[in-house]
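Chain and residue survey
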Amino acid sequence: MVQKVLKDRVKFYPAYWVGLIAFVSAGLLFLFDIRLAAVPLALFLALCIISPFFPGFGFFLPIVSHGRTDKMAVAVTFDDGPYALTTPELLSLLSKHNIKATFFVVGKKAAQRPELIKQIIAEGHCIGNHSFSHDNFVMLKSSKTLFREVSSTQDTLKGLGILPLAFRPPVGITNPRLKKVLIKLDMYNVNFSCRAMDCGNRRITGLSSRILKRVRPGDIIVLHDKPPKKEGLTFWLNEIETIFSGLKTKGYTVLPLPELIGKPVMIKTEGSR
């Protein structure tokens, strides 16, 4: 893991090369027409604005958004928890189907429900970092704020005996400052390649059909363990179970995320209390 992170530190990503090409092009075009010089710069600016909203596009930093595609396998992840109402029910369902998931937890909620974090780990699942407060606009804020959001969750979880290596930003949105934050914390970014646009369980009607229609080998599936807003707990659990059963029917094996992507998601620490 450490060797891989160090390799990522010295690698230039598309934003560097596109920016370099844009400025060189602008300089050359300036010699002919100052108005033409603005075109490559405008295109670069547009890419900088748009690219963070594509969870699988590593424009500013390396992003893991899918795994190995040489066999019919996927990984299942859940964001935004833990919650007293839904997370235990979900754990029972995962146990029933013998599936190991990864929970990208919110630090504030983990601090409120430490027993659920310990239960998740005890049942063989993984924990990832999903920021401390799940501020959807955190990528628009300062580097100091971004660092605090990630590191505070690390501190909370380390006190519970685990240290995530994988960070998933709220809504999967990234920015140029995130790479330095993750390097400082020796972490990496994990997003997703298959989602149902469930709006954090506010839109779960047809959830299973959307996932099963879109899933492809190597996908990292993102779901949520937040209490559903409208349809209720039983309806949501039925949709999740239909996803699990449907994946099996389609010939997919659900692998633990570390196995699918070939790198650890977390490590256990000695600071458990």
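The text that follows walks through the structure, step by step, so that each part is easy to find. (Residues numbered from 1 in each chain as written. Predicted model: local features only at pLDDT ≥ 70, side-chain atom pairs only at ≥ 80, totals over all residues. Heavy atoms only, no water.)

Here we take up the overall build of the protein chain. Each helix and strand in the protein chain was counted, giving 11 helices and 11 strands. Burial analysis of the protein chain (273 residues in total) assigns 49% to the buried set. Within the protein chain, counting contacts between residues at least 6 apart in sequence, those at least 24 apart form 77% of the total. For the protein chain, the exposed surface amounts to about 13300 Å²; the carbon and sulfur share of it is 61%. (Helix = DSSP H or I, 4+ residues; strand = E, 2+ residues; numbered from the N terminus. Buried < 20%, exposed > 50% of the residue type's maximum accessible area, 1.4 Å probe, protein only. Contact = heavy atoms within 4.5 Å. Areas by Shrake-Rupley, 256 points an atom, 1.4 Å probe, with all protein chains shown as cover.)

Here the distance between the centres and the angle between the planes together describe a pair of aromatic rings. This structure, assessed with the given rule, holds one aromatic pair. Taking the centre distance of 5.6 Å and the plane angle of 25° together, the rings of phenylalanine 78 and phenylalanine 103 count as stacked. Highlighted residues: phenylalanine 78 in strand β2 (residues 73–79) and phenylalanine 103 in strand β3 (residues 102–105), separated in sequence by 25 residues. In terms of burial, phenylalanine 78 and phenylalanine 103 fall into one category: buried. In this structure, lysine 184 packs its charged tip against the face of phenylalanine 147, placed 4.7 Å from the ring centre. Between the NZ or CZ atom of lysine 263 and the centre of the ring of tyrosine 188, over which it lies, the distance is 4.3 Å. (Phe/Tyr/Trp six-rings, centres within 6.5 Å; stacked < 30°, edge-to-face > 60°. Lys NZ or Arg CZ within 6 Å of the ring centre and 35° of its normal.)

On to the environment of asparagine 129. Within the fold, asparagine 129 resides in strand β4 (residues 126–129). Among the residues examined, asparagine 129 registers a relative accessible area of 0% and is labelled buried. As a C-alpha pair, asparagine 129 and glycine 107 span 22 residues in sequence and 7.4 Å in three-dimensional space. Sequence-distant contacts of asparagine 129, defined by excluding residues within four places in its chain, comprise Phe104, Val105, Val150, Thr153, Gln154, Pro164, Ala166, Phe167, Arg168 and Met187. There is a polar contact of 2.8 Å between the side chain of asparagine 129 and the backbone nitrogen of serine 131. (Polar contact = N/O pair within 3.5 Å; in protein donor to acceptor, adjacent residues only side chain to side chain.)

This part takes up the pattern of salt bridges. Using the criterion set out here, one finds five salt bridges in the structure. Two residues, arginine 168 and aspartate 79, come together in a salt bridge whose shortest N-O distance is 2.8 Å. A residue pair is termed long-range when its members are at least 10 positions apart, and arginine 168 in the loop between β6 (166–167) and α8 (178–184) and aspartate 79 in strand β2 qualify at 89 residues. Taking relative accessible area as the criterion, arginine 168 reaches 0% and is therefore assigned buried. Classification of aspartate 79 as buried rests on a relative accessible area of 3%. (Salt bridge = Lys/Arg side-chain N within 4 Å of Asp/Glu carboxyl O.)

Here β2 lies mainly inside the structure; seven of its seven residues are buried. Along β2, one buried face is formed by Ala73, Ala75, Thr77 and Asp79 and the opposite face, lined by Val74, Val76 and Phe78, is buried too. Bridge analysis of β2 against strand β9 (residues 220–224) gives five bridges, and the strand direction is parallel. Residue pairing in the sheet places threonine 77 in a bridge with valine 222 of β9. In this sheet, β3 lies alongside β2 in parallel orientation, the contact comprising three bridges. Looking at β3, one finds that threonine 77 is bridged to threonine 102. Tracing the backbone out of β2, into helix α4 (residues 87–96) and back to the parallel element β3 gives a crossover that is right-handed. (Pairing = 2+ DSSP bridges. Right-handed = clockwise from strand over helix to strand, strands pointing away.)

Here we take up the packing of helix α9 (residues 207–214) against helix α10 (residues 233–249). With their axes 8 Å apart at the nearest point, α9 and α10 run at an angle of 25° to one another. By the angle between their directions, the pair α9 and α10 is classed as roughly parallel. Pair α9 / α10 crosses with right-handed handedness. From α9, Leu207, Ser208, Ile211 and Leu212 reach across to α10, where they touch Trp236, Glu239, Ile240, Thr242, Ile243, Gly246 and Leu247. Within the contact of α9 with α10, the residues separate by chemical class into seven nonpolar, three polar and one charged. (Axes fitted to C-alpha atoms, helices over the stretch in contact; angles between N-to-C directions. Parallel < 35°, antiparallel > 145°, perpendicular 65-115°, else oblique. Left-handed = near helix turned anticlockwise from the far one by under 90°. Nonpolar A, V, L, I, M, F, W, Y, C, P; charged D, E, K, R; others polar.)

Right, let's talk about unusual backbone geometry for a bit. Glycine 81 connects to proline 82 through a cis peptide bond whose omega is 5°. The phi dihedral of histidine 134 is positive, around 55°, even though this residue is not glycine. With respect to the helices and strands, the residue histidine 134 is situated in the loop between β4 and α7 (143–158). Residue class for histidine 134 comes out partly exposed when judged on its relative accessible area of 23%. For valine 171, which is not glycine, the phi dihedral falls at a positive 65°.

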